[in-house]
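So you can see what is in the structure, the chains are spelled out below.
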Amino acid sequence: MKNDINNTEILVRIFDLDHGLTEYPNVKFIRIVSEKYNLLIMKDYMPIIGEIDGTLSMKGDDVDLNYDQIKAYYVHHNNTFNLMIKEN
């Protein structure tokens, strides 16, 4: 599924071994608090790639999720945020 360029929010795709791929459309923001940085990703945020060793929160009209103490990799590009959670 490609994120519609006219969409007003972010498409979030989360992959982990327990649940497979889960998608959340229309996310308003993603907050990453990791060991070395703190990010707030919103619509039209610059492309970025990184690793999380900390927490991730996301909020939208239909979603309000928090992941605490996760280790994961992420890519944000063209208002699509991909997260791959490492196996614990």
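A few points on the structure. (Residues numbered from 1 in each chain as written. Predicted model: local features only at pLDDT ≥ 70, side-chain atom pairs only at ≥ 80, totals over all residues. Heavy atoms only, no water.)

Let us look at the environment of Asn82. Inspection of the secondary structure assignment puts Asn82 in strand S6 (residues 80-85). Between the C-alpha atoms of Asn82 and Leu21, which are 61 residues apart in sequence, the distance is 10.0 Å. What Asn82 contacts, discounting residues up to four positions off in sequence, is Arg13, Tyr73, Tyr74 and Val75. (Helix = DSSP H or I, 4+ residues; strand = E, 2+ residues; numbered from the N terminus. Contact = heavy atoms within 4.5 Å.)

Attention shifts here to the pairing of strand S3 (residues 38-42). The side chains of a regular strand alternate between the sheet's two faces. Burial along S3 is one-sided: the residues Leu39 and Ile41 are buried and none of Asn38, Leu40 and Met42 is. Taken together, the 5 bridges between strand S2 (residues 20-34) and S3 define a ladder with antiparallel strand orientation. Note on S3: the bridge partner recorded for Ile32 is Leu39. Taking the residues that link successive antiparallel strands as the turn, the S2-S3 hairpin has 3 residues. (Buried < 20%, exposed > 50% of the residue type's maximum accessible area, 1.4 Å probe, protein only. Pairing = 2+ DSSP bridges.)

Before going further, it helps to examine the pairing of S2. Bridge analysis of strand S1 (residues 10-16) against S2 gives 6 bridges, and the strand direction is antiparallel. Directly across from Ile10, in S2, lies its bridge partner Val27. A loop of 3 residues connects S1 with S2, the two strands running antiparallel in sequence. The pairing of S2 with strand S4 (residues 48-60) spans 7 bridges and is classified as antiparallel. What sits directly across from Phe29, in S4, is Lys59.

Here the structure, examined in full by the defined rule, presents 1 aromatic pair. With a centroid separation of 5.7 Å and an interplanar angle of 20°, the aromatic rings of Tyr74 and Phe81 are classed as stacked. Each member of the pair, Tyr74 as well as Phe81, is classed as buried. (Phe/Tyr/Trp six-rings, centres within 6.5 Å; stacked < 30°, edge-to-face > 60°.)

This brings us to unusual backbone geometry. Although it is not a glycine, Asn78 adopts a positive phi angle of roughly 50°. Note on placement: Asn78 falls in the loop between strand S5 (64-77) and S6. Residue classification places Asn78 among the exposed positions, given a relative accessible area of 56%. With a phi angle near 60°, Asn79 is a residue other than glycine that sits in the positive phi range. Positionally, Asn79 belongs in the loop between S5 and S6.

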